[in-house]
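A structural walkthrough
This is what each chain is made of:
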Amino acid sequence: MKTTVNEQLVNELKHVIPPEYIATDKEICFAYSMDSSPVPGHIPDIVIRPETTQEVSEIVKLANKYKTAIYPRGAAASLVMMGVPIQPGGISLDMTRMNKIMEIDEDSMSVTVQTGITWGELEYELKKKGWYTGMVGPGPGLSTTIGGAISVASVYYGSAKYGTACDILLGLEVVLPTGEVIRTGSAALDTAKRHTRYGIGLDSTGIFCGDQGIMGVKTEATLKLYPVPVATGFFVYGYNDEDPLLKALHKMTSLHIASDIGYTDGASGLDMGGGPERFMIHGKIEAHSEKELEVQLELFDEIANNTNGIKKGDSLARMIFHDSIYMVFPMAGMSGNYGASCNKMPIFESKKVHDLFLNYREKHLEEIQKHKLVTVWYTFISGSTIDILPQIQIPAHDPEALKYGTELWKNFIKEELKYGTIHYWLGKVIGDQVVEHFRSNYFEFIKKLKDTLDPNGILNPGLLKLP
Ligand SMILES: Cc1cc2nc3c(=O)[nH]c(=O)nc-3n(C[C@H](O)[C@H](O)[C@H](O)COP(=O)(O)OP(=O)(O)OC[C@H]3O[C@@H](n4cnc5c(N)ncnc54)[C@H](O)[C@@H]3O)c2cc1C
């Protein structure tokens, strides 16, 4: 891979895209060396901001010609060194000018967007027409992009009912790493609309779901639409013990009624409040009539009642899940930087990792306090699994704390992986460790796919230990 600015490449790029959308200035390139993690990436040589699929295709073809790495980037809200150069130099491909809604198809209940649009913008426009996407983005959805979320199979708002960003996905338009443009899902047929994902021989959309952006540049995505619910209710239940709490959580999850459910643990470091009980289940139910909402909330009250849960005021749930604050993430990096992981586990099984986190915190408490780190245990439901988020928040202005906190965070990831935790935003930090746990032949399988699609290894090289 080239590591110095290739003037010839820059000149050719200027024939593809207006020069004002190409930058080689050190200050601009430096800004593109970071995501939101405590670990900085490398500085790209070129930053480029395309507006159309055709431009992306031409850029990718030129990158192949000059054997130059490309790092697609949405909002760069990733927490694990991704969307940034993993190796020095290359092209940072900023997708945020590709932010148009291409089509709202009310007949097939779908919307097609350019992938650089943010969740906030999309949901705002859709709601004007009485639609939303059910799963409405990750925590920082106001600013993060659809393309970024599909690339890491993001979860959060609406995920208890609607799953991941990839579960609401019907198809993609992708610029392959060699520059060809394909459509997946029903639009693979020259006669069909973008109305369904399967039925074209194989789930080619799936190759690009959660791929960390290594298999192609997603330029357009078609998402499912649902009517905006007319009634919304919140619930909070306090628990003193973890076992009945998990039992209640499991029951509530199995019904797939709530759009959002999570629980907090006041003994994990940061107490998110709600009452004297240590644990708080909190969540949101969306319904299509007040009557439906009432029945569903009553059902949840009954589950809580049968498991020794104590019904509380709903402010904690409103604070976290009310869409008007989408998203002032209450526990996000209050102390500066954010060493987090986010893992899916079966609900009862997750207790083992919770214990691991509490023991880990206890073992390192003196240093944690010395460096003013803040630990947080947060969870939420995604589909039928629980997403557990052990966090170590790090005061970014203090180099010693940053060094210590970052190591503490990375070492905890190593430990939790032994318990079968499934991370989905992997980046460099987590991805390298996950690869170590691939069953035999799986890495070879991924590598064969990658080599076939990206023979010059230009797209996001260095992720998942791929060249
Ligand atoms: C405070 C905070 C809270 C968070 N909460 C959540 C959460 O609740 N749930 C969650 O899932 N994540 C969460 N995250 C992580 C992150 O914000 C999300 O994963 C988000 O979806 C990333 O989107 P992005 O636009 O920032 O993508 P980026 O970070 O810019 O990119 C992510 C990856 O996708 C690739 N990529 C981006 N766009 C494209 C494209 N068009 N084509 C191909 N590849 C592409 C990049 O190369 C990179 O590898 C959180 C982050 C922060 C800072």
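Residues numbered from 1 in each chain as written. Predicted model: local features only at pLDDT ≥ 70, side-chain atom pairs only at ≥ 80, totals over all residues. Heavy atoms only, no water.

1. Some remarks on the domain arrangement of the protein
To keep things clear, this is the line we draw: Boundaries between domains were set according to an automatic or database domain assignment. In this description, contact between two residues means that some pair of their heavy atoms is separated by no more than 4.5 Å. Accessible area, probed at 1.4 Å, shrinks when two parts are joined; the buried area is that loss added up over both. In what follows, salt bridge is the name for a side-chain nitrogen of Lys or Arg lying within 4 Å of a carboxyl oxygen of Asp or Glu. A 3.5 Å cut-off defines polar contacts: any pair of N or O atoms within that distance qualifies, except that in protein one atom must be a possible hydrogen donor and the other a possible acceptor, and neighbouring residues in sequence count only when both atoms are side-chain atoms. Numbering goes from the N terminus for both helices and strands, where a helix is a DSSP run of H or I of at least four residues and a strand is a run of E of at least two. Polarity classes work like this: nonpolar for Ala, Val, Leu, Ile, Met, Phe, Trp, Tyr, Cys and Pro, charged for Asp, Glu, Lys and Arg, and polar for all others, with Gly in that last group.
Here the protein is described as being made up of domain 1 (7-96), domain 2 (101-227), domain 3 (231-325) and domain 4 (337-422). At the interface, 23 residues of domain 3 touch 19 residues of domain 4. In total, about 1700 Å² of surface goes out of reach between domain 3 and domain 4, with carbon and sulfur atoms giving 63% of it. It is Leu-246, Tyr-263 and Ser-268 that lose the most area in domain 3 upon contact with domain 4, and together they represent 30% of the buried surface on that side. Taken together, the connections running from domain 3 to domain 4 amount to zero salt bridges. On inspection of domain 3 and its partner domain 4, the count reaches eleven residue pairs in polar contact (both at pLDDT 80 or more). Looking at the side of domain 3 that touches domain 4, the elements with two or more residues in it are helix H7 (242-255), strand E13 (260-265), strand E14 (279-287) and helix H9 (315-321). In terms of residues, the side of domain 3 that touches domain 4 owes the most to one element, H7, which gives seven residues. Of the residues that constitute the side of domain 3 that touches domain 4, the class distribution is ten nonpolar, eight polar and five charged.

2. What to know about the packing of aromatic side chains
Aromatic ring pairs are described here by two measures, namely the spacing of the ring centres and the angle between the planes. Keep this limit in mind: In this scheme Phe, Tyr and Trp rings, the latter by its six-membered ring, pair at centre separations within 6.5 Å, and the angle between planes marks the pair as stacked below 30 degrees, edge-to-face above 60, and tilted otherwise. To sort residues, take the accessible area from a 1.4 Å probe on protein chains only and compare it with the maximum for the residue type: under 20% means buried, over 50% means exposed, and anything in between is partly exposed.
In the structure shown here, the tally under the stated rule is 16 aromatic pairs. A centroid spacing of 5.7 Å and a plane angle of 35° characterise the contact between Phe-357 and Trp-377, whose relative ring orientation is tilted. Taken together, the positions of Phe-357 in helix H10 (residues 350-363) and Trp-377 in strand E18 (residues 374-382) put the pair 20 residues apart, joining distant regions of the chain. Judged on exposure class, the residue Phe-357 and its partner Trp-377 are both buried. Aromatic side chains Tyr-442 and Phe-445 sit 5.9 Å apart centroid to centroid with 45° between the ring planes, which places their arrangement in the tilted category. You can see Tyr-442 and its partner Phe-445 sitting in helix H14 (residues 442-453), three residues apart, about one turn around the helix.

3. Here's the deal with the site of the ligand
The cut-off we apply is this: One heavy atom suffices: a residue is near a molecule or strand as soon as one of its heavy atoms comes within 4 Å of it. Exposure was quantified through the Shrake-Rupley algorithm and a 1.4 Å probe, taking into account, for residues, occlusion by the shown protein chains and nothing else.
Near the ligand you find 36 residues, and of these Pro-72, Gly-74, Ser-78, Thr-145 and Val-155 are the closest. One of the backbone N or O atoms of Gly-74 is found 2.7 Å from an oxygen atom in the ligand. In the model, an oxygen atom of the ligand is placed 2.7 Å from a nitrogen or oxygen of the Thr-145 side chain. Contact with the protein chains hides 96% of the accessible area of the ligand, taken as 970 Å² for the molecule alone. Mapped onto the shell around the ligand, the elements with two or more residues apiece are strand E3 (70-73), helix H5 (146-152) and strand E10 (217-224). Split into classes, the residues belonging to the shell around the ligand amount to 19 nonpolar, 15 polar and two charged. The residue makeup of the shell around the ligand includes at least three contributed by each of domain 1 (7-96) and domain 2 (101-227).

4. Here we look at the side chain of Lys-450
Within the secondary structure layout, Lys-450 lies in helix H14. Accessibility expressed as a relative area gives 3% for Lys-450, which makes it buried.

5. A word on the pairing of E18
Under the convention used in this document: Strand pairing is assigned whenever DSSP detects at least two bridges linking the two strands.
The buried count for E18 comes to eight of nine residues, which makes it a mostly enclosed element. Across nine bridges, E18 lies against strand E19 (residues 385-394) in antiparallel orientation. Along E19, the bridge assignment pairs Trp-377 with Pro-390. Between E18 and E19, which pair antiparallel in sequence order, lie two residues; one of them, Gly-383, sits at a positive phi of approximately 65°.

6. A few points about H7
Applicable threshold: Take the number of residues in a helix, subtract one, and multiply by 1.5 Å to get its expected span. It is the directions from the helix axis to the C-beta atoms that the arc portrays.
Relative to the 20 Å expected for 14 residues at 1.5 Å per residue, H7 spans 20 Å between its end C-alpha atoms, a close match to the ideal helical length. For H7, the set of buried residues is Glu-242, Leu-245, Leu-246, Ala-248, Leu-249, Met-252 and Thr-253. Mapping the buried residues of H7 onto a view down its axis gives an arc of 160°, with all of them on the same face. Set apart from the buried face of H7 by more than 90 degrees, the exposed residues are Asp-243 and Lys-247. Positive backbone phi, approximately 50°, marks His-256, located one or two places after H7.

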